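Secondary and tertiary structure notes
The lines below spell out each chain.
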Amino acid sequence: MRTYYQLTDPDRSGLVDQIGAQRKRVAERLAGVARIVAVMSGKGGVGKSYVTAHLARGLARAGRSVGVLDADLNGPTIPGLLKVPQAPPDQPTAIGLDGVKCISMGQFLEAGAPLAFTGPSAESFVWRGAMEAAALREFLSDVEWGDLDVLMLDLPPGMQRYIELCDILGKAPAVLTVTIPTPESRDAVRRAMRAAVDHGSELLGIVENMVGRDFEGTAADDLAREFATPVLARIPWHPTPDTWAELGARL
Amino acid sequence: MKFLCVECDQQMAFAERALPGDGTLAASFKCPKCGRVVAMLTNPMETQLVSSLGVEIGGRTVPSEPFEMVRANVVTGGPAWSDGAQERLSRVPSFVRGMVKKIYADYAKERGIQEITPTIMDTARAELGLEGM
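Residues numbered from 1 in each chain as written. Chains lettered and ligands numbered in written order. Predicted model: local features only at pLDDT ≥ 70, side-chain atom pairs only at ≥ 80, totals over all residues.

**Details of the interface of chain B and chain A**
Taken together, the 33 residues of chain B in the interface contact 35 residues of chain A. At the level of elements, strand E3 (13–18), helix H1 (44–52), helix H2 (68–73) and helix H4 (94–111) of chain B are the ones that each hand at least two residues to the side of chain B that touches chain A. (Contact = placed C-beta atoms within 7 Å. Helix = DSSP H or I, 4+ residues; strand = E, 2+ residues; numbered from the N terminus.)

In structure tokens:
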């Protein structure tokens, strides 16, 4: 009996072609984007979204065209930080503070509602991850991003979404790492940075957030030394617009 | 996924797709040599997995719409409740009303029902054995 690859007749479903068309659409949509930057950390609660939103605004105020894709589908916070309406977006995409373009699952959900998909609830873990990856692909491919200097991807904690992005984009995006000073954060972030290096991402540098109060440690310096990447900024508890402007200039 | 007519050693060709509306999918494939037809039947979980890839068995007949998957599959706030359904729900004792509401909402969600009506509630009661709720 012949096996899969020995059957070479044209497939009317064209599933492989359909997947190829999806990838092509992503590439076409992002053709005008000069740089894609994933803001990531292996640790939750270090302020990735806060840094993403304010850095995006800082870049926009400096005259750059900036977009933000909120890849934290289960805990979207970018609409609140950029003050974009919580309603299904029409084309073109929503515009947030300082003219930052934005797409987020938060624009599709009722306030306070968790992300849920229609479909059989039994064994939903089997298909839920694929649904989330498909949503991410649509955010990349169905927004008219136009010409952007930077598209920032605000990732949730962990590595799963980063790996999905590498697959959808067809290459690993540059990575801006966010940590807080503590050794616990350093150890979690180290794993994420190592994974990013393994996937071929360029490490742009480290932002140390929540510096100067209760969190003690040298996470940013330790990671910078270990991965030979710069500490781009140390963000105090009460940053000013200048803080973000300086970070944007160093990026 | 491909189908082979072992007797003819021929790759079978896609013939027809059917979506009965209960979350399942049926797709038939025909042997171009002997004409034998086989059907692939998927359960709701398997159908959902295919749907999550954003592809269509049998090929796309119309281009995809922006945010097609998100708009079709993300639950933005649960199914709507018609006035009649809300009135009936209000007659359920308050200490179990939340649980009963969830049962009907889950029933609707699993079947892609956008609005719960008294008729839908009757059907669900009969199917789920919820007489009296």
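**Topic: the sheet that holds strand E5 (residues 37–42) of chain B**
All names here are of chain B. With respect to topology, three strands assemble into an open sheet ordered E3-E4-E5, the strand pairing being antiparallel. Two strands lie at the open edges of the sheet, namely E3 and E5, each paired on one side alone. Shown here is a sheet whose adjacent strand axes are inclined to one another by a mean of 25 degrees, direction ignored. Strand direction decides the pairing type here: strand E4 (residues 25–30) and E5, joined by six bridges, are antiparallel. Residue pairing for E5: Ala 26 is matched across the bridge by Leu 41. (Pairing = 2+ DSSP bridges. Axes fitted to C-alpha atoms, helices over the stretch in contact; angles between N-to-C directions.)

**Concerning helix H6 (residues 183–199) of chain A**
All names here are of chain A. Taking 1.5 Å as the rise per residue, H6 with 17 residues should run 24 Å; its terminal C-alpha atoms sit 24 Å apart, in good agreement. Listed in full, the buried residues belonging to H6 are Ser 185, Arg 186, Val 189, Ala 192, Met 193 and Ala 196. The elements touched by buried residues of H6 are strand E1 (36–40), helix H5 (160–169), strand E6 (174–179), strand E7 (203–211) and helix H7 (219–227). Phi turns positive, to about 95 degrees, at Gly 200, one or two residues after H6. (Expected span 1.5 Å × (residues − 1). Buried ≥ 20, exposed ≤ 12 C-beta atoms within 10 Å, placed from the backbone.)

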